[in-house]
Amino acid sequence: MNKKIVFASLCMFLIAACTREPLKIGFSVGDFSSDRWSQEPQIFQDEATALGAQVLFEYAYGDANQQIEQVRKLIASDIQVLIIFPTSADNWAPIVEEAHKAGITVIAYDRMLKDAGVDYYFSFFNEDVGKQQAQYAVDNRPKGNYIILGGPTSDNNSLLLMQGQKNVLQPYIDRGDITILLEKHLETWNSIDAYNEMQTFLDKNKVKIDAILAANDELAGGSIMALEMVEDSMVMIITGQDASVGGCQNILNGKQSMTVYKSIRNLAREAAQASVKMAKSEKITNATNLVSDGTNEIPAVLLKTVVVDKNNMKETVIADGFIKEDQLSFAP
Ligand code: GAL
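Figured I'd write up the structure that's included with this text.

Calculation rules
Residues numbered from 1 in each chain as written. Predicted model: local features only at pLDDT ≥ 70, side-chain atom pairs only at ≥ 80, totals over all residues. Heavy atoms only, no water. Helix = DSSP H or I, 4+ residues; strand = E, 2+ residues; numbered from the N terminus. Axes fitted to C-alpha atoms, helices over the stretch in contact; angles between N-to-C directions. Parallel < 35°, antiparallel > 145°, perpendicular 65-115°, else oblique. Left-handed = near helix turned anticlockwise from the far one by under 90°. Contact = heavy atoms within 4.5 Å. Nonpolar A, V, L, I, M, F, W, Y, C, P; charged D, E, K, R; others polar. Expected span 1.5 Å × (residues − 1). Buried < 20%, exposed > 50% of the residue type's maximum accessible area, 1.4 Å probe, protein only.

In this section: the environment of lysine 280. Secondary-structure assignment places lysine 280 in the loop between helix H10 (264-279) and strand S11 (289-292). On a C-alpha basis, the gap between lysine 280 and serine 292 in space is 27 Å, while along the polypeptide they are 12 residues apart.

As structure tokens, this is what we get:
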């Protein structure tokens, strides 16, 4: 090859390398509705930064309109990849379209964006969370009166989770072994909503409750507080999700039966690694599941969840470093 051509190619390569845009990822955090959300952005950032990318964060604190405005700001910030953890699943289609027009890859993180056609979804097998809760309950209480306290319908995971619970419970209900006393999606994931709901229920109904399928540890905690206000209100099974410090402590204290542990480290790291690849226009190969957003089938990376109760807490959440042993007080 002619020396001049080699020299010219080398110069072009060097110019391209020097002028390559910095890798930039935008991350929109919808809310902090459970312990996990105070850790996840940091884990994501550490991983993405180690891989050479910069992460711009926006926090909406549960305000859906504000989140949309913040995402518009991120779209205008020269990012290549946009991660959205939505506080509400609705109204995203035009925003995702805007991002796509700007050449940005969009990832729904943990919760799906409905009918919006995002490029990828990173989450857990959310229906399994509900199945695991209901299975735990029927294994321990195959007959009796059940209450189902779901998360808000603005979060698609709440619907998937309740679907999972129903799949397990339906044969028991059909046989007449289990009676559902109350089944409700609460307004938020906060314990106060579960507290109010259970207090109202307990005021009106003097009936034995065998199990409360609370969708996460916050709702479990609110139910426990309401039960503690009433004499003789022993409930055998109370489920949860997220392995929060409060939830795990309630389990150790015998007030809550189980929680569903999700390795948020694995999720945040997987999403960060994939985002950096996408920002470099490389392909990812592990989005082997498909999840419907209502209109489109979205390629998804879904991680497994783990049932945790007092018998395996040390081998799971503690061994994983998700909770430090000294954050909990174990019975002597
Ligand atoms: C859900 C999520 C749960 C829990 C809950 C409250 O969408 O899947 O893990 O964190 O939100 O934040």
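H10 packs onto helix H2 (residues 40-50) with a crossing angle of 40° between their chain directions and a minimal axis gap of 8 Å. What the angle tells us is that H2 and H10 run oblique. Considering only the axes of H2 and H10, their crossing is right-handed. Residues Glu40, Ile43, Phe44, Glu47 and Ala48 of H2 lie in contact with H10, whose contacting residues are Ile264, Arg265, Leu267, Ala268, Arg269, Ala271, Ala272, Gln273, Ser275 and Val276.

The next subject is the packing of helix H5 (residues 126-140) against helix H6 (residues 156-174). Closest axis-to-axis distance for the H5/H6 pair is 6 Å, and the angle between their directions is 35°. Crossing of H5 against H6: the hand is right-handed. Contacts between H5 and H6 pair Asn126, Glu127, Val129, Gly130, Lys131, Gln133, Ala134, Gln135 and Val138 from the former with Asn157, Leu160, Leu161, Gln163, Gly164, Gln165, Asn167, Val168, Leu169 and Tyr172 from the latter. Of the residues belonging to the contact of H5 with H6, the class tally is eight nonpolar, nine polar and two charged.

What follows covers helix H7 (residues 191-204). Helix length check: H7 (14 residues) gives 20 Å between terminal C-alpha atoms against 20 Å at 1.5 Å per residue, within 8%. Those residues of H7 not exposed but buried are Asp193, Ala194, Tyr195, Glu197, Met198, Phe201 and Leu202. Contacts from the buried residues of H7 go to strand S6 (144-150), strand S7 (178-185), strand S8 (211-214) and helix H8 (217-228).

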